[in-house]
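Here are the chains, one letter per residue:
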Amino acid sequence: MQLTLEFGGGLELLCESVKVHNVNVDLPKGADKLTMRYLLSWVRTDLIKERPEMFMKGESVRPGVLVLVNDCDWELTGQLDTTLEEKDVVVFISTLHGG
């Protein structure tokens, strides 16, 4: 499934400073849909190059990471259970910054 993943607010530093990634994510074996739960696991193992603990805590994103699916806050669409579709755009933005 083709998706666009965007990282901002400093999260792009975990992905070799690349902000936009056009990726092709295969459905999990035996699954008929792709969820955010699986996408986050895929991002941790296949996309993040360093310090994945700065992006994820457990199976979800760390507190302070805003997640938008097609410009909609994922808290309104089911968070980890949000179903993704072909050509969706998923944005991850860190809202935490040093001072």
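Shown above is the structure to which this text applies.
Residues numbered from 1 in each chain as written. Predicted model: local features only at pLDDT ≥ 70, side-chain atom pairs only at ≥ 80, totals over all residues. Heavy atoms only, no water.

Trainee: Would you mind going over the packing of aromatic side chains with me for this structure?
Mentor: The description of an aromatic ring pair rests on the distance of the ring centres and on the angle between the ring planes. Taken as a whole and judged by the stated rule, the model has three aromatic pairs. Judged by centre distance (5.1 Å) and plane angle (80°), the ring pair of phenylalanine 55 and phenylalanine 92 falls under edge-to-face. Here phenylalanine 92 lies in strand β9 (residues 89-94) and phenylalanine 55 lies in the loop between α1 (36-46) and β4 (56-57), a separation of 37 residues in the sequence. When its relative accessible area of 1% is taken as the criterion, phenylalanine 55 is described as buried. Aromatic rings pair up to connect Phe7, Phe55 and Phe92 into one cluster. (Phe/Tyr/Trp six-rings, centres within 6.5 Å; stacked < 30°, edge-to-face > 60°. Helix = DSSP H or I, 4+ residues; strand = E, 2+ residues; numbered from the N terminus. Buried < 20%, exposed > 50% of the residue type's maximum accessible area, 1.4 Å probe, protein only.)

Trainee: What should I look at first to understand the environment of serine 94 in this one?
Mentor: Take serine 94: it is sitting in strand β9. Serine 94 sits in the buried class, given a relative accessible area of 13%. In this structure the C-alpha to C-alpha distance between serine 94 and glutamine 2, which are 92 residues apart in sequence, comes to 24 Å. When residues no more than four places from it in sequence are discounted, the contact partners of serine 94 are Gly8, Gly9, Leu11, Gly64 and Val65. A distance of 3.3 Å separates a polar side-chain atom of serine 94 from the backbone oxygen of leucine 96. (Contact = heavy atoms within 4.5 Å. Polar contact = N/O pair within 3.5 Å; in protein donor to acceptor, adjacent residues only side chain to side chain.)

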